[in-house]
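As a plain string of letters, each chain reads:
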Amino acid sequence: MVLSYRLLSTVTKLSLVAGSAYAESEYIWPNAKTDLLESMLYEQQGLGSGNSPATFIVPCEKVNFGTGRNGAAEWLRTAYHDMATADVVAGTGGIDASIGFEVNRDENPGVGFNETLVNLAAFLTPRSSMADLIALGAVFAANGCSNGNVTIPFRAGRVDAKGPGAPGVPKPEQPLDEHITSFQRQGFTPQEMIGLVACGHTLGGVHGVDFPEIVPVATDQNTQTFDTTNSGMNAFDNTVAVQFVNNVTQNPLAFGHNETTNSDGRIFNSDGGEVIGKMADSPSYFYQTCTTLLERMINTVPKGVTLTDPIQPIAVKPSKLFATINSNGTMTMSGSIRVCYLVLLRRVI
Ligand code: HEM
Ligand SMILES: *[C@@H]1O[C@H](CO)[C@@H](O)[C@H](O)[C@H]1NC(C)=O
Ligand SMILES: *[C@@H]1O[C@H](CO)[C@@H](O)[C@H](O)[C@H]1NC(C)=O
Ligand SMILES: *[C@@H]1O[C@H](CO)[C@@H](O)[C@H](O)[C@H]1NC(C)=O
Ligand SMILES: *[C@@H]1O[C@H](CO)[C@@H](O)[C@H](O)[C@H]1NC(C)=O
Ligand SMILES: *[C@@H]1O[C@H](CO)[C@@H](O)[C@H](O)[C@H]1NC(C)=O
């Protein structure tokens, strides 16, 4: 039985159809480094889906973390807070799962981080680091809540930190110049900061239980969402930008009662409203910006970590193959072979 065969020509053909922009390197099954993550990425539904963390948060309306909470929003925020302590010049921090050592810092309030990490830890294996899972969580959150409008190529190879990193997650009461400096340390220009914040604050909201000075605690969790697309609290779309430029006073970090904590307002207006205006005017500009910036966010890793090429769906993928020689001289084979149809492929990636 031949267990290793070449899929190069098929994979190349499929990716051209999917509109892939990057060059293909030859894939030969099996690849210990990426096969498990490939399944998590592309087997979100149906057979094998229990092996993907996507089952927790996709589809987006799957609110199962308690009143006023949304799993996709928490996973995306977790990824940002893990990355936000990066110093790209020094080559430290980034997506390295150091957030696991930092949950008790006052820059990380809320149960969302712990629960995200507990959910993801169920998928932790020698072939799927916590840091890769955190990055994958951000990919699922943006993809699921945008119905595929945000599709971030996923590269593997992130390495888990052995301890906490330096502090440095932005807080809403900081002045604009500190936010600009903080995003520059993370590798983002002032204009990219505007985009990245809008792409994050399209999901979820501010919880009164964690920020009573911003959202008065009246009811359980008392969540005030960043925008009004709240069937299930969430849509990854440009409504947050549209409502900001139209002065709809929904966003508690833009129109809150205390000017000091209106960081979204200061950030969105920091270039005279240009970027947020473009995001409001054009859903496709919004989606393009978010795809690019979130990809850079998850690919921010410490010096010395090398990521793989983007993981492409394997066209034909065997799993759990097993052969037994029976006592009567016959051979029994079992296992499954996954075939990725084009139409499925276009919808999934
Ligand atoms: C100056 C920068 C930023 C500040 C000051 C800030 C501040 C905050 C605050 C105070 C909350 C409320 C958290 C809660 O009550 O649970 C929040 C929520 C959130 N932030 Fe940010 N944020 C910033 C940038 C970002 C970025 C860049 C992203 C991602 C790309 C992001 C993603 C999120 C998400 C998804 C939520 C909703 C969480 C939920 O509903 O559970 N934030 N942010
Ligand atoms: C998160 O988990 C840590 C470590 O188990 C614990 O000390 C902390 O109180 C938890 N934080 C929240 C907000 O639940
Ligand atoms: C992508 O976004 C557009 C514009 O917001 C929306 O009309 C469309 O339904 C979205 N696509 C999917 C597959 O949901
Ligand atoms: C929103 O408020 C600002 C500041 O008061 C004002 O300059 C702008 O014209 C308003 N925009 C709309 C659409 O009302
Ligand atoms: C506004 O928020 C800042 C920072 O949290 C706080 O120091 C200040 O007392 C608040 N002001 C009011 C009027 O609540
Ligand atoms: C041989 O043994 C296998 C396993 O016990 C059985 O499934 C199969 O029917 C047998 N075949 C013949 C020809 O007896």
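What counts and how
- Residues numbered from 1 in each chain as written.
- Chains lettered and ligands numbered in written order.
- Predicted model: local features only at pLDDT ≥ 70, side-chain atom pairs only at ≥ 80, totals over all residues.
- Heavy atoms only, no water.
- Near = heavy atom within 4 Å.
- Polar contact = N/O pair within 3.5 Å; in protein donor to acceptor, adjacent residues only side chain to side chain.
- Areas by Shrake-Rupley, 256 points an atom, 1.4 Å probe, with all protein chains shown as cover.
- Phe/Tyr/Trp six-rings, centres within 6.5 Å; stacked < 30°, edge-to-face > 60°.
- Helix = DSSP H or I, 4+ residues; strand = E, 2+ residues; numbered from the N terminus.
- Buried < 20%, exposed > 50% of the residue type's maximum accessible area, 1.4 Å probe, protein only.
- Contact = heavy atoms within 4.5 Å.
- Patch = residues over 30% accessible without salt bridge, like charges linked within 9 Å, V, L, I, M, F, W, Y side chains within 5 Å.
- Salt bridge = Lys/Arg side-chain N within 4 Å of Asp/Glu carboxyl O.
- Disulfide = S-S within 2.5 Å.

Student: Could you give an account of the site of ligand 6, with specific residues and numbers?
Tutor: In the region of ligand 6, the neighbouring residues are N326, N328 and T330. In the environment of ligand 6, an oxygen atom lies 2.6 Å from a nitrogen or oxygen atom belonging to the side chain of N328. Starting from 360 Å² of accessible surface for ligand 6 in isolation, the protein chains cover 27%.

Student: With reference to specific residues and values, describe the packing of aromatic side chains.
Tutor: One pass over the structure, following the stated rule, counts seven aromatic pairs. On the numbers, 6.2 Å between centres and 85° between planes, the contact of F56 with F123 is edge-to-face. With F56 in helix α3 (residues 54–57) and F123 in the loop between α5 (112–121) and α6 (130–145), this residue pair connects regions lying 67 residues apart in the sequence. Accessibility expressed as a relative area gives 24% for F56, which makes it partly exposed. Residue F123 is classed as buried on the basis of its relative accessible area, which comes to 11%. With a centroid separation of 5.5 Å and 70° between ring planes, the pair formed by F286 and Y287 is classed as edge-to-face. Taken as a pair, F286 and Y287 share a single burial class, namely buried. A connected cluster of aromatic rings, assembled from ring pairs, spans F56, W75 and F123.

Student: Which residues make up the environment of D264, and what values go with them?
Tutor: Among the structural elements, D264 can be located in helix α10 (residues 263–268). Residue class for D264 comes out buried when judged on its relative accessible area of 1%. For the pair D264 and P172, spaced 92 residues apart in the sequence, the C-alpha separation amounts to 8.0 Å. Those residues in contact with D264 that sit more than four places away from it in its chain are V197, H201, F226, N251, L253 and A254. A distance of 3.0 Å separates polar atoms of two side chains, one belonging to D264 and the other to N251.

Student: Can you tell me about a nonpolar patch on the surface, naming the residues and giving the values?
Tutor: Taken together, L321, I337, V339 and Y341 make up a surface patch of nonpolar side chains, about 380 Å² in accessible area. Here Y341 lies in the loop between β4 (331–339) and α13 (342–348). A relative accessible area of 56% means that Y341 is categorised as exposed.

Student: Describe the state of the cysteines, with residues and values.
Tutor: A full pass over the atoms with the stated rule returns two disulfides. Disulfide pairing places C60 opposite C145 at an S-S distance of 2.1 Å. Disulfide C60 to C145: torsion about the S-S bond roughly 85°, handedness right-handed. Remark: C145 occurs in helix α6 and C60 occurs in the loop between α3 and α4 (71–83); sequence separation between them is 85 residues. Across this residue pair, the class does not change: C60 and C145 are buried. Put simply, C199 and C290 are joined by a disulfide, and their sulfur atoms are 2.1 Å apart. As the torsion about the S-S bond is roughly -90°, the C199-C290 disulfide counts as left-handed. In this pair, C199 is assigned in helix α8 (residues 190–200) and C290 in helix α12 (residues 283–298), connecting sequence segments 91 residues apart.

Everything listed here is a matter of coordinates, which is why it stays silent on function.
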